[in-house]
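The residues making up each chain are set out below.
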There are 2 protein chains.
Amino acid sequence: MSPPTPDRPVAADQLRASVFAALGDATRLSLVNRLADGQPRSIAQLSEGYPLTRQAITKHLGVLESAGILHRVRSGRESLYEFDAGPMRDLSTYLEAVSRQWYAALSRLKAFIAENP
Amino acid sequence: MSPPTPDRPVAADQLRASVFAALGDATRLSLVNRLADGQPRSIAQLSEGYPLTRQAITKHLGVLESAGILHRVRSGRESLYEFDAGPMRDLSTYLEAVSRQWYAALSRLKAFIAENP
DNA sequence: GCCATAGGCAACTAAAGGGTTGCACATCGA
DNA sequence: TCGATGTGCAACCCTTTAGTTGCCTATGGC
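Keep in mind the model is a prediction, meaning the values are calculated, not measured.

Trainee: Please explain the protein's contact with DNA strand C as it appears in this structure.
Mentor: Lining the immediate surroundings of DNA strand C are 21 residues, of which Thr53(A), Lys59(A), His60(A), Ala44(B) and Gln55(B) lie closest. Here the atoms of DNA strand C within 4 Å of the protein split so that 57% fall in sugar or phosphate, with bases taking the remainder. The contact in question runs from a phosphate oxygen of DNA strand C to an N or O atom on the side chain of Arg28(A), over 3.3 Å. Between Ser42(B) and DNA strand C, the recorded distance is 3.5 Å, taken from a side-chain N or O atom to a phosphate oxygen. Of all the secondary structure elements, the ones that give two or more residues to the surface near DNA strand C are helix 4 (54–66) of chain A together with helix 3 (43–47), helix 4 (54–66), strand 2 (70–75) and strand 3 (78–83) of chain B. For the surface near DNA strand C, the class distribution of residues is five nonpolar, seven polar and nine charged.

The following block contains the structure:
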């Protein structure tokens, strides 16, 4: 391993980035919002209310599934998609950590300035 | 106001999606990580350690700036970028709300099942 | 005033993304 | 059994994105 390089894009970044990217589309965010009530829905159901074809929605669902945000369960002739909060909780934790790090650094800076005339 | 229930893509989704999209790249995540210590850095500094050209990094920084995650401050001949925790805090709040909504719905479902033999 | 350094701008390429259409296939229900 | 419904698959299109190269401008230091 290369010793001292904690900064270059690492595996963890790749993983998070793929989840962020999956959420980086208004249609997909909307789909997630609908499924966050815990009730699984079919592709046909999820396609209702969008000015898009069923195929387009299918692709979006595929992206969300690849990111682990949704799971697909076949039931008879339909594919039901259900929400999984795990990945989004992870992101939330990560974002919280970064924000906290920033606030902490800022506080230290302020303290330093206050103590040095 | 934020607990999301919108059915189709709405303005709020567009805004959040753009921030999510900005974070949906490993290189950009890495840049954010570096700047989250609160210390502004120049493009040249930020370009170090990546197998990319300075121009590529410049573009990434532009994306992050457009999303409001970074701010640019010109200082002499260099452009300093500094971190702003606001957008990421918003996302964290949003993700937390969605997760909470899901857990709540799941709890209700369990309770319902327990009460109906 | 000179030169090295830091950035900005523009044009270009390759690949990924978002979307569509067309068609084949499985399954449900009367 | 038969038609309607729900999906899957593939090919295709257009736009965006990630990245490069080349060149020109501004600034800082000596």
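Trainee: Any chance you could explain the relation of the copies chain A and chain B here in plain terms?
Mentor: Mapping between the two copies of the chain is achieved by a rotation about an axis and a shift along the axis. Mapping chain A onto chain B calls for a screw motion: a turn of 180° about the axis and a shift of 0.0 Å along it, with 0.1 Å RMSD after fitting. The transformation relating the two chain copies, once decomposed into turn and shift, fits a two-fold axis. Judged by C-alpha distance, Ser92(A) is the residue of chain A that lies nearest the rotation axis, at 2.3 Å. Both copies present the same face, since 100% of the interface residues in chain A are matched by interface residues at the equivalent positions in chain B.

Trainee: Honestly, the sheet that holds strand 1 (residues 41–42) of chain A in this entry has me stumped. Any pointers?
Mentor: Hydrogen bonds along the backbone pair up the strands of a sheet, which may run parallel or antiparallel. Residue and element names in this part refer to chain A. Spatially, the three strands line up as an open sheet ordered 1-3-2, and their pairing is antiparallel. The sheet is open, and its two edges are formed by strand 1 and strand 2 (70–75), each paired on a single side. Pairing geometry for strand 2 and strand 3 (residues 78–83), over six bridges, is antiparallel. Looking at strand 3, one finds that arginine 72 is bridged to tyrosine 81. The sheet strands contacting helix 2 (residues 26–35) are strand 1, strand 2 and strand 3, and the helix crosses strand 3 at an angle near 85°.

Trainee: So what exactly am I meant to see when it comes to the side chain of Ser47(B) here?
Mentor: All names here are of chain B. As for its position among the elements, serine 47 is in helix 3. Taking relative accessible area as the criterion, serine 47 reaches 13% and is therefore assigned buried. The residues contacting serine 47, other than those within four sequence positions of it, are Arg54 and Ile57.

Trainee: How should the layout of surface pockets be read in this particular structure?
Mentor: Any empty space left between the atoms is revealed when a probe the size of a water molecule rolls over them. Residues and elements named next belong to chain B. Taken as a whole, the largest pocket holds about 170 Å³ of empty space. Every residue lining the largest pocket is listed: Ala12, Leu15, Arg16, Ser18, Val19, Ser66, Ala67, Pro87, Asp90 and Leu91. Secondary-structure elements contributing two or more residues to the lining of the largest pocket are helix 1 (11–23) and helix 5 (86–115). Counting residues per element, the lining of the largest pocket draws most heavily on helix 1, which supplies five residues. Counted by class, the lining of the largest pocket contains six nonpolar, two polar and two charged residues.

Criteria and thresholds
- Residues numbered from 1 in each chain as written.
- Chains lettered and ligands numbered in written order.
- Predicted model: local features only at pLDDT ≥ 70, side-chain atom pairs only at ≥ 80, totals over all residues.
- Heavy atoms only, no water.
- Near = heavy atom within 4 Å.
- Polar contact = N/O pair within 3.5 Å; in protein donor to acceptor, adjacent residues only side chain to side chain.
- Helix = DSSP H or I, 4+ residues; strand = E, 2+ residues; numbered from the N terminus.
- Nonpolar A, V, L, I, M, F, W, Y, C, P; charged D, E, K, R; others polar.
- Least-squares fit on C-alpha atoms with pLDDT ≥ 70 in both.
- Contact = heavy atoms within 4.5 Å.
- Pairing = 2+ DSSP bridges.
- Axes fitted to C-alpha atoms, helices over the stretch in contact; angles between N-to-C directions.
- Buried < 20%, exposed > 50% of the residue type's maximum accessible area, 1.4 Å probe, protein only.
- 1 Å grid on protein atoms, 1.4 Å probe; cavity = no way out; pocket = protein on both sides within 12 Å on 5 of 7 lines; lining within 4 Å.
- Points joined across faces, edges and corners; volume = space filled by probe spheres on them.

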